[in-house]
Each structure stands twice: as structure tokens, then as C-alpha cells.
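Descriptive analysis of the structure
Residues per chain are reported as follows:
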Amino acid sequence: MMEKDEEKLLSRRRMEKWIKIFLAFLAFVWLCTIISKSIYVSGLPRVRTDTASKKYVEHVVRTDGIVTAGGEIAVNTQAGLRVDKIFVQQGDEVQAGDVLFTIDTADLAELVSAKETELSKLECNLSDWQVNAVIDAQQKEVAILWAKEDYETADKETAVAKERAKEALEKAEAALGRHLADTVPYTADNARREAWDAYHDWVNKGYSISDKIAAKEREIQDLEEQLAELENRTGKNDVKDMETDGQAKVLSGAAGGLAEDSGGENTADNANEAGGDTEGNTVGTENSDTDVHTGNHDEETNTGDIDQDTETNNVEIDEESNTDDTGSTDTEIDNTGNTDGPHTGNEGSDINQPAPVIKEHQSQNTADEEKRVELLNKIKKANQELLALRDQLTKHDRDAVTQPDYSAEEAEYDAWQNTKLTLEENVQHAKESYQDASYTREVTLRQKLREIASAETTSRADSTAALCELDIKQVQKQIERLRAISQQKGEIRAEQDGIVSKIQIEVGSRTSDTAALLLTDPLRPCQFKFSITKEEGKYVHLNDTVEVKLNGQSKATEITVDYFTENTQGGYDILCMLPEHMGQPGLSGTVQKSVQGEIQELTLPVEAVFEETGTFYIYTLNEKEGILGSEYYAEKIKVQIKDRNDRYAAIESGTISKDTKVITYATEELKQGQSVRPQEK
């Protein structure tokens, strides 16, 4: 029991030890996690957040300006004077009669001398011009006389040239008229075309007849070749019929002894019928041939043709009969020699087989004979047509049409035409010469009249003398002014009270035709001038009231916007009239105007709104679960700006809620989804 208790005790101690070790391990892991998270969080950018609120977005326009004179008076003097001394500065108040600056008297004396010399030159120029005017009047009278004399001379010369050109034109026209009266015969184009058409028609007709003759000859040749082929074939058939007929007779004699008498009688009857048919065919053929050849040939030729045709037909019939008889005999012998079969009366009838064969050949001969007659008729008709065509060609050749020839007529006509063209060219040249002479006369006389008119034209208005007199008077006035300044010892004084607003001269320089000094007009109050941007121009308008505070004043004064114009920088220049006796030119100050806008539901500090290429966005603070637990990150949201000033910006509703935490400050530039560390306010 003691041992068991000790073992349990040891086991429990070991368990407690391992539990302590595990708890220590967990504590170490927790400590490492805390340290790691602290290190991770310390490296994150720190941010401050704020929520959107409901505010009025007030717009305050505040800028600096300067006091300018309400009106200015120019202090002028003679141009070109050298400044010796300047006794005032910009902003000085002067009284009437005070010396403003002085002129170098030595240089002034030289200027007076130069002006007197210039006056002498102008007087000399005026005298010369008056003398030259008298001379020009005399020269004008002489020019008029010469111009009229030149016109009369040109009138006579051009009239003679025009008359000569007219005579040459009349001669050329007369020669052309005589030539046109003496015409030459010339066949018209229509008649020539008709003659050539008649000739070509005759030639083409001859070619057509020749072609028809050649075609007809070819046709006759083809028909004769067909006839020869037919006759050749008919002759061969006659020879075959004769050979077959002989063989049939021998075989019929041999078989007659073996056959019955009735069979022999049938054979004889068939042979007689065949012979009768052959003679009939022959006679018919002879009559046909005789009729055909009687019309075209003499009796000897017709007789020869009849005999030849008869013999040929007989030969063809005999060949066919013999061929058929031979076949029948062979068949009959074969049947007789057959001892196995019984012999009847029908076996002996095979000897009579040549009769149908002869009829078949007679039908074939009749068809050939008909074809032969048809060919002969076609040849006869073709020969008659050929003779008619040859007669037509002979008549066509007798009525020959001569080929037209107009070469001699054309040569004579071409020569007449060439002469006509030459004469027409002469007329044209003469007409052009006459027109040129007429035109030259008109141009010359017109030019001479212009010269007369130019000579008689009243002289141009010349104001040289008047201008010279004006220059003389102006120089005289300048000399008087310079002498007056010299008498004042070169001092330029103020003519009335005022403040020097601008000095446009320098010591040692020469005065120009512009004002040397500008003095304020004491009768008009000063103005306050300032500029605003185009964005600020939305809140400042003409006749608006603004507050101005000049340097040295303790309180602001309300003034009205009197002048409003756009400047070259894209903004606006504004002028406001100051109260009387307030300020002096050159004094600076500050102007301000506040405009309370509409109340906005979602307003944020301007630091929370960022702009990128015309797009506005904000960063909101959100929470997510990370590796080391919960952490915060920045989310980039695009927004629409409704209104803003230098402190707040109002955004469109619906983008975020009033409870959304918006990042207003970050220790570094943020990015979308970047982890951040909130900073306590």
C-alpha cells in the first residue's frame, strides 16, 4: 500500500510539473505575441479620425490692396528738355507754385538756337515752293500745246495706214471671188459612195455565185461518190447470188432422190416463183434506168446503163439466192444424215428454203434501186442547178461594173482648193491687217487724247505751302515756350495743390511728349484697389459691401465695390471709392468679405479630402481580423464635393454615414487597404 501511495504521489508531482511547464510556455507565447504586436503596431502609420458633422460652410474672401488716386493731374512741359534736378518724391504733398524740377539752362539755350535755325529753313522752303509753282504753271501750258500737236499728227498717220489696209483687203476679196466663180467639177460624196457601193455589190455578188458553184460541185461530187459506192456494193451482191444459186441446184438434185415427190414439187414451184420475181425486178430496173438516163444522155449511153444495171441486179439476186440455197441444202443434208431420228415429210421441205431468201434479196435490191434512182435524180437536179449558176456567173461577168476612179478629178479639185486656201489666207491676213490698223488708230488716238487730258488736268492739291506755314507757326510757338522757360531759369512749378502720385522723369534724361509728373486731384477721393481669384469671384460682386482696413487704422471701414473687371491672370481687379479725406495714394491695406453658405449635412475638415487629377476622395478607418488579432486599415472612398472653404468641405450625402470614421491626419501618405494605428486625440 505504501508503495502504491508513493507512486501516486510521484505521478501527481510529475503531472503538476508538466502543467507548470505548459503554463510557463503559454505565458512565454503570450508575451512574445504581445511584443510582436507592439513592434508591428509601432511601425504602422498613426492616424487621427473625425466624423462628419452638420455645419454652415462660410466663405471668407480676404486679400491685400493699395490706395490709388481717385483722379490725377498731369504736369507737362516741352519735349526734349534735359532734366537738371527733381525736388519732389512720390507721395509728397505740394502746393501751387512749388518747384517740382528744373531744366538745364545751357542745354535750353542750344535748343532755342536749333529751333531758330529750323525756322529759317522752313521760311526758305516756303519761298522756293512759291517760285516752283509759277514755273510748273508755265510748263503745263507748253505740255498742252505739244499734246494737241501730237494728236493731229497721229490722226493723219493712222488714217493713211488704215486706208491702205482697206485697199489690200478689197483686192484680196476680189481675187477670192474670181476664183470661187471659176469652179471645177467634183463628184459629191454621196454619189461616190453609191458608185463604190455598186462596185462592191457587183464584186460580192460574183464571189457569192462562185461560192455557190463550188458548193454545188462539191455536192455533185458527193452524190456521185455515193452512187459509185452503191453500184459497187450492188455488183458484189449479184456475184454472190450467182454462186449461191449453183450450189443450191446441186444440193437440190442430191436430196431429190431421197425426198418425197411432194417435196420436190414444192421446191420446183419455189424456184419458178423466185425466177419470176427476179425477171420482174430486172425488167422494172431496166425501165427505171431507161427513164432516168433518157433526159440527160444519148441512146448509146442509156442502153449501156440499162444493160449494166440489169446485169448488176441479176448478179445481186443470184448471189443472194445462192447464198440462201446453200444454207438450206447444208441444213437438209445434216438432217438427212441423221439416222437416229425418224424422217417425215417436213424434212424434205428444207430443199425449198431458197424461195424466201430470194424474196428478201429482191426486197433489198428494190431498196438499193430506189436509192440509186434517188441519187440519180439528185445528181440530175444538181447538174441543172450548176448549169443555171454558171449561166448566172456568165451573165454577171458580162454586166461588169467598172471600179470608180476619181484621182484626176481629185487632183484638179485639190489644186483648186489649195488656190482657194491661199486666197482665203490672203483675205484673212488683209482683214487682220485692216483690223490691226483700225485698232492701232483707235489706241493711238485714245492715248493722245489721254495725254491732252493729262496735260489739261488741274494740278493736284498741294498743301506744302500751308503745311510749311503751320510748321513755321509751331516752331515759333516752341521758341516762345523755350524762351519762357529760360526766363524762369528752367524751373517747372506746380499749378495747383496735390500729392505726387507718379514721377516719369529722371535726372539727366530728356523729357518726352508724355507727362513728366502726375499729381492727385484734390477734388476727387482716393480709391482702394485689390485683386481676387476666379474662385473668390463667386462671392464678391459689383455693388457688394466689403470691409477695408488701411495700415495704421484701428478699425475697418465698410466700402462699396464700384468697378469689377477681369485681369490677365484669370482673376478679377476691383476698385472701391474711399470716403473723402481717407487714405493717400500708395498706402496699403486689407479687404475682407464673409459669405455664409447653406447648411450641409456632411462636412469634414479640408485636411480629410484629397484631390487627384480632378477627382476627390477620402480615407475611412475600418477594422479587420489579422494574424495578431484585430487591426485597423484605411479604405479609399471617392466623394463628390458640394461646397468648401479654407477649413471645411461638404460632401454629397449617401457616400458615408455620420458615424463613419474619416481619417483627417496621417503620419505618412496612405494607400488603399493599408494597415494603420489610430491615435488618441
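Criteria and cut-off values
- Residues numbered from 1 in each chain as written.
- Predicted model: local features only at pLDDT ≥ 70, side-chain atom pairs only at ≥ 80, totals over all residues.
- Heavy atoms only, no water.
- Helix = DSSP H or I, 4+ residues; strand = E, 2+ residues; numbered from the N terminus.
- Buried < 20%, exposed > 50% of the residue type's maximum accessible area, 1.4 Å probe, protein only.
- Contact = heavy atoms within 4.5 Å.
- pLDDT = per-residue confidence, 0-100.
- Axes fitted to C-alpha atoms, helices over the stretch in contact; angles between N-to-C directions.
- Parallel < 35°, antiparallel > 145°, perpendicular 65-115°, else oblique.
- Left-handed = near helix turned anticlockwise from the far one by under 90°.
- Nonpolar A, V, L, I, M, F, W, Y, C, P; charged D, E, K, R; others polar.
- Phe/Tyr/Trp six-rings, centres within 6.5 Å; stacked < 30°, edge-to-face > 60°.
- Lys NZ or Arg CZ within 6 Å of the ring centre and 35° of its normal.
- Pairing = 2+ DSSP bridges.
- Patch = residues over 30% accessible without salt bridge, like charges linked within 9 Å, V, L, I, M, F, W, Y side chains within 5 Å.
- Areas by Shrake-Rupley, 256 points an atom, 1.4 Å probe, with all protein chains shown as cover.
- Salt bridge = Lys/Arg side-chain N within 4 Å of Asp/Glu carboxyl O.
- Expected span 1.5 Å × (residues − 1).
- Polar contact = N/O pair within 3.5 Å; in protein donor to acceptor, adjacent residues only side chain to side chain.
- Disulfide = S-S within 2.5 Å.

**Quick look at the overall build of the chain**
Counting secondary structure elements, the chain contains nine helices and 21 strands. By the burial criterion, 31% of the 681 residues in the chain qualify as buried. Across the chain, every contact between residues at least 6 apart in sequence was considered, and the portion connecting residues at least 24 apart equals 80%.

**Some remarks on the confidence of the model for the chain**
Looking at the chain as a whole, the pLDDT averages 76, with 79% of positions reaching at least 70. When the elements of the chain are averaged for pLDDT, helix 4 (residues 261–294) gives the smallest value, 35, and helix 8 (residues 407–456) the largest, 90. Note that pLDDT drops below 50 for residues 246–353; the model gives that stretch 150 contacts with residues more than four away or on any other chain.

**So, the packing of helix 2 (residues 105–181) against helix 8**
Packing of helix 2 against helix 8 leaves a shortest axis separation of 8 Å and a crossing angle of 170°. The pairing of helix 2 with helix 8 is recorded here as roughly antiparallel in orientation. Read as a crossing pair, helix 2 and helix 8 show a hand that is left-handed. A per-class count over the contact of helix 2 with helix 8 returns 24 nonpolar, seven polar and 14 charged.

**Some details on the packing of aromatic side chains**
Applying the stated criterion across every chain, the model contains seven aromatic pairs. On the numbers, 6.1 Å between centres and 85° between planes, the contact of Trp 196 with Tyr 199 is edge-to-face. Of this pair, Trp 196 and Tyr 199 both sit in helix 3 (residues 189–256), three residues apart, which is roughly one turn of the helix. Note on Tyr 199: relative accessible area 17%, which makes it buried. Judged by centre distance (5.7 Å) and plane angle (70°), the rings of Phe 610 and Tyr 619 are edge-to-face. Among the residues examined, Phe 610 registers a relative accessible area of 33% and is labelled partly exposed. Through successive ring pairs, a cluster of aromatic residues spans Phe 610, Tyr 617 and Tyr 619. We note Arg 48 situated over the ring of Tyr 665; from NZ or CZ to the ring centre the distance is 4.1 Å.

**Let's talk about the sheet that holds strand 4 (residues 83–86)**
Ordered in space as 4-6-7, the three strands form an open sheet in which the pairing is antiparallel. The outermost strands of the open sheet, each flanked by one partner alone, are strand 4 and strand 7 (491–493). Taking each pair of neighbouring strands and ignoring which way they run, the sheet shows an average axis angle of 25°. The pairing of strand 4 with strand 6 (residues 99–103) spans three bridges and is classified as antiparallel. Within strand 6, the position partnered with Lys 85 by the bridge is Thr 102.

**Details of the pairing of strand 2 (residues 53–68)**
Pairing analysis gives twelve bridges linking strand 2 to strand 14 (residues 588–605), with the strands arranged antiparallel. Each bridged residue has a counterpart across the sheet, and for Val 61 the counterpart in strand 14 is Lys 593. Strand direction decides the pairing type here: strand 2 and strand 10 (residues 527–532), joined by four bridges, are antiparallel. Paired with Gly 65 across the two strands is Phe 530, which belongs to strand 10.

**Side note on a nonpolar patch on the surface**
There is a patch of nonpolar side chains on the surface, built from Met 15, Ile 19, Phe 22, Leu 23, Phe 25, Leu 26, Phe 28 and Val 29 and spanning about 800 Å² of accessible area. Structurally, the position occupied by Met 15 is in helix 1 (residues 2–42).

**Section: unusual backbone geometry**
Even without glycine at this site, Asn 543 takes up a positive phi of about 70°. If you trace the backbone, Asn 543 turns up in the loop between strand 10 and strand 11 (545–550). Classification of Asn 543 by relative accessible area gives exposed; the value is 56%. Located in the positive-phi region is Thr 613, a residue other than glycine, with phi close to 50°. Looking at the element boundaries, Thr 613 is found in the loop between strand 15 (610–612) and strand 16 (615–626).

**Quick look at the packing of helix 2 against helix 9 (residues 464–487)**
Running from N to C, helix 2 and helix 9 point in directions that differ by 160°, and their axes come no closer than 9 Å. Comparing their axes, helix 9 and helix 2 come out roughly antiparallel. Seen along the crossing, helix 2 lies across helix 9 with a hand that is left-handed. Among the residues making up the contact of helix 2 with helix 9, the classes are represented as 14 nonpolar, five polar and seven charged.

**Observations concerning helix 8**
In a regular helix each residue adds 1.5 Å, so 50 residues correspond to 74 Å; helix 8 covers 71 Å between its end C-alpha atoms and thus fits that length. Within helix 8, the full set of buried residues consists of Glu 409, Trp 416, Leu 423, Val 427, Ala 430, Ala 437, Ser 438, Leu 445, Lys 448, Ile 452 and Ala 455.

**Side note on the side chain of Thr 620**
Tracing the sequence through the fold places Thr 620 in strand 16. Within polar-contact distance, the side chain of Thr 620 engages the side chain of Asn 622 at 3.2 Å. Leaving out residues up to four positions away in the same chain, Thr 620 has contacts with Tyr 633, Ala 634, Glu 635, Ile 637, Ile 656, Thr 660, Lys 661, Val 662 and Ile 663.

**Structural notes on the sheet that holds strand 5 (residues 93–94)**
Taking strand neighbours across the sheet as the criterion, the four strands line up as 3-9-8-5 in an open arrangement whose pairing is antiparallel. Every other strand in the sheet has two partners, leaving strand 3 (72–75) and strand 5 as the edge strands with one partner each. Here strand 5 pairs with strand 8 (residues 498–503) via two bridges, running antiparallel. For Glu 93, the partnering residue across the bridge sits in strand 8 and is Ile 499.

**Focus on the state of the cysteines**
A full pass over the atoms with the stated rule returns zero disulfides. With no disulfide partner, Cys 468 has as its closest neighbouring cysteine sulfur the one in Cys 124, 9.5 Å distant. The class for Cys 468 is buried, based on a relative accessible area of 8%.

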